[in-house]
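An overview of the molecular structure
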Amino acid sequence: MRKTIIAGNWKMNKTFLEADIFLFELSENLEKIELGTVEVVICPPSLYLELASDIATDSKFHIGAQNVNDNADGAFTGEISAAMLHSMDLKYCIIGHSERRKYYSESDEMINAKLKKLHENEIIPILCIGETLEQREQGITKDIILAQLDGGLNGVEIEDNVVIAYEPIWAIGTGKTATPQQAQEIHSLIRNWLEENYSKDISEETSILYGGSMKPENVKELLSQSDIDGGLIGGASLDVSKFSKMIETAVEL
Ligand code: 13P
């Protein structure tokens, strides 16, 4: 059975002290929650990965990085390799986020190279895909999603080691959430693509997360959809009580 994953993507937010306080409070809150098949993941800025890993050791959440370089090692000032993330025992790493595609010109080809580096180092990629508002209005959402899947997963073997996050760009940080039906339609497209390109087992075992203005008020409706297996949460993951509430909702479903 596939996991429900509630993942927080902090993006470029929080000072060290704020991160420390959040993670301790989250640990305390999780002690009171029986997680069952729900997995909790925090993706802090890379500077805090060590702090987060240390706190996570005695707690019930996992850690993911927000980015990785597509090269193995070498002269890439400021970058972080998959081997470095592996040496910190990280479980996940976000790749293909629309902010990185937009501000750092990351192509599907580069994202595919990053994904392969993560797999070589036994880290599970959280592969983000999603369309712009313009593309949705042009009626080409499905083509965009399928092209991002083809590009990002080109030549990749999947066996319980990929998480996909559908994040419609027009819903990120805008307060505008996809309706549960809009999200479900694309999640089911992704699952069918997995079945066609891999197998029924792979499609049924792969967690497909939704991201884009997910918050305590809409998490229940979204997670109730048959192909939505969790959330990749930005803004609402910065507030420990909102984030904990969303975990509680996921556990109750
Ligand atoms: P928001 O939840 O702030 O819309 O961000 C979603 C996101 O980009 C998570 O990766």
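Further up the page is the structure itself.
What comes next is a walk through the structure. Worth saying up front: this structure is predicted, and the values here are computed from it rather than measured.

Rules of the game
Residues numbered from 1 in each chain as written. Predicted model: local features only at pLDDT ≥ 70, side-chain atom pairs only at ≥ 80, totals over all residues. Heavy atoms only, no water. Helix = DSSP H or I, 4+ residues; strand = E, 2+ residues; numbered from the N terminus. Rg over C-alpha atoms; globule rule 2.2 N^0.38 Å. Buried < 20%, exposed > 50% of the residue type's maximum accessible area, 1.4 Å probe, protein only. Contact = heavy atoms within 4.5 Å. Pairing = 2+ DSSP bridges. Salt bridge = Lys/Arg side-chain N within 4 Å of Asp/Glu carboxyl O. Near = heavy atom within 4 Å. Polar contact = N/O pair within 3.5 Å; in protein donor to acceptor, adjacent residues only side chain to side chain. Areas by Shrake-Rupley, 256 points an atom, 1.4 Å probe, with all protein chains shown as cover. Nonpolar A, V, L, I, M, F, W, Y, C, P; charged D, E, K, R; others polar. Core = buried A, V, L, I, M, F, W, Y, C linked by side-chain atoms within 4.5 Å.

So, on to the overall build of the chain. Each helix and strand in the chain was counted, giving 11 helices and 8 strands. For the chain, the C-alpha radius of gyration of 17 Å lies close to 18 Å, the compact-globule estimate for 253 residues. Overall, the chain is about 45 × 45 × 35 Å in size when its C-alpha atoms are taken along their principal axes. Each of the 253 residues in the chain was classed as buried or not, and the buried ones make up 53%. For the chain, restricting intrachain contacts to residue pairs at least 6 apart in sequence, the fraction spanning at least 24 positions comes to 73%.

The subject of this paragraph is the pairing of strand S8 (residues 230–233). Alternating residues of S8 divide into Gly230 and Leu232 and Gly231 and Ile233, and every residue in both groups is buried. Examined bridge by bridge, strand S1 (residues 4–9) and S8 share 4 bridges and lie parallel to one another. Bridging from a neighbouring strand, Ala7 pairs with Leu232 of S8.

For the structure on display, the rule yields 15 salt bridges. The residue Asp108 makes a salt bridge to Arg101 at a minimum N-O spacing of 2.7 Å. A salt bridge links Lys114 to Glu106, with the nearest nitrogen and oxygen atoms 2.8 Å apart. You can call Lys114 buried: its relative accessible area is 3%.

Let us now look at the site of the ligand. Contacts to the ligand come from 13 residues, most closely from Lys11, His97, Gly173, Ser213 and Gly235. One of the backbone N or O atoms of Gly173 is found 2.7 Å from an oxygen atom in the ligand. Contact between the ligand and Gly234: an oxygen atom at 2.9 Å from a main-chain N or O atom of the residue. Alone, the ligand offers 310 Å² of accessible surface; in the complex the protein occludes 95% of this. Grouping the amino acids of the shell around the ligand by side-chain chemistry returns 4 nonpolar, 7 polar and 2 charged.

Core analysis: the biggest nonpolar cluster contains 65 residues, and Phe61, Leu153 and Ile190 have the highest contact counts within it. Among the elements that take part in this core, helix H8 (residues 180–197) stands out by supplying 6 residues, more than any other. Excluding residues within four positions of it along the chain, Leu153 makes contact with Asn112, Leu115, Leu127, Gln148, Ile158, Val162, Ile164, Trp193 and Tyr198. Counting residues in each nonpolar core, the second largest holds 13 residues, with Ala7, Cys43, Ile94 and Ala165 among its members.

Structurally, Glu99 is set in helix H4 (residues 98–103). For Glu99, a relative accessible area of 25% translates into the label partly exposed. Along the chain, Glu99 and Ile172 lie 73 residues apart, while their C-alpha atoms are 9.6 Å from each other. Look past the residues within four positions of Glu99 in its chain and what remains in contact with it is Lys11, Tyr104 and Ile172.

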